[in-house]
Amino acid sequence: PYKHQLEVIEALAVRPGMTVADVGAGSGYHAFLLSPLVGDTGKVIASDIQPEMLELITEKAKKLGVRNVETVRGTEAD
């Protein structure tokens, strides 16, 4: 990750056990950065309006063995 992205993640003060949302998750880049920070007791909700992006995140989570990233399909009005 780029330095400024790490600074943003650090500024969020994400800790183990927290539930955080990646709204407009796209391919899940930030969701997968946040996943180890919330740990096994936390959860990352990756939300996007495009089902293709959510499928991509689901497949990547399976491939990496990540179990704390959950996908939610949003709408344009959300």
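Scroll up to find the structure.
These lines cover the structure that appears in this document, whether it is placed above or below. The shown structure was predicted, so the numbers you read here are calculated from the model rather than taken from an experiment.

In this section: the pairing of strand 3 (residues 69–73). With five bridges connecting them, strand 2 (residues 43–48) and strand 3 associate as parallel partners. By the bridge assignment for strand 3, Ser-47 is matched with Val-72. In this region the chain leaves strand 2, passes through helix 3 (residues 51–64) and returns to the parallel neighbour strand 3; the handedness of that crossover is right-handed.

Before going further, it helps to examine the side chain of Ser-35. Here Ser-35 shows up in helix 2 (residues 29–38). Side-chain polar atoms of Ser-35 contact the side chain of Asn-68, separated by 2.5 Å. For Ser-35, the contacting residues outside a window of four places in its chain are Val-44, Val-66, Asn-68 and Val-69.

Mapped onto the secondary structure, Pro-36 falls in helix 2. In this structure, the C-alpha to C-alpha distance between Pro-36 and Pro-16, residues 20 residues apart in sequence, is 8.3 Å.

Here the focus is the nonpolar core. Grouped together as the largest cluster of nonpolar side chains are 14 residues, with contacts concentrated most on Val-20, Phe-32, Leu-34, Val-44, Ala-46, Ile-57 and Val-69. Going through the elements one at a time, helix 2, strand 2 and helix 3 are the ones with two or more residues in this core. With four residues, helix 2 is the largest single contributor of residues to this core. Apart from the residues within four sequence positions on either side, Val-44 is in contact with Val-20, Ala-31, Leu-34, Ser-35, Val-38, Asn-68, Val-69 and Glu-70.

Inspection of helix 2 places Ala-31, Phe-32, Leu-34, Ser-35 and Val-38 among the buried residues, and these make up the whole buried set. Along the axis of helix 2, the buried residues cluster in a sector spanning 165°; they form a single face. Buried positions along helix 2 lie against helix 1 (3–11), strand 1 (19–23), strand 2, helix 3 and strand 3.

For the rest of this paragraph, the subject is the environment of Val-44. Mapping Val-44 onto the fold places it in strand 2. When its relative accessible area of 0% is taken as the criterion, Val-44 is described as buried. Considered as a pair, Val-44 and Ala-25 are 19 residues apart in the sequence and their alpha carbons are 10 Å apart.

Its location among the elements puts Glu-52 in helix 3. Its relative accessible area of 48% is what places Glu-52 among the partly exposed residues. Remark: the alpha-carbon pair of Glu-52 and Ala-11, spanning 41 residues in sequence, is separated by 30 Å.

Reading the values: the criteria
Residues numbered from 1 in each chain as written. Predicted model: local features only at pLDDT ≥ 70, side-chain atom pairs only at ≥ 80, totals over all residues. Heavy atoms only, no water. Pairing = 2+ DSSP bridges. Helix = DSSP H or I, 4+ residues; strand = E, 2+ residues; numbered from the N terminus. Right-handed = clockwise from strand over helix to strand, strands pointing away. Polar contact = N/O pair within 3.5 Å; in protein donor to acceptor, adjacent residues only side chain to side chain. Contact = heavy atoms within 4.5 Å. Core = buried A, V, L, I, M, F, W, Y, C linked by side-chain atoms within 4.5 Å. Buried < 20%, exposed > 50% of the residue type's maximum accessible area, 1.4 Å probe, protein only. Arc of directions from axis to C-beta.

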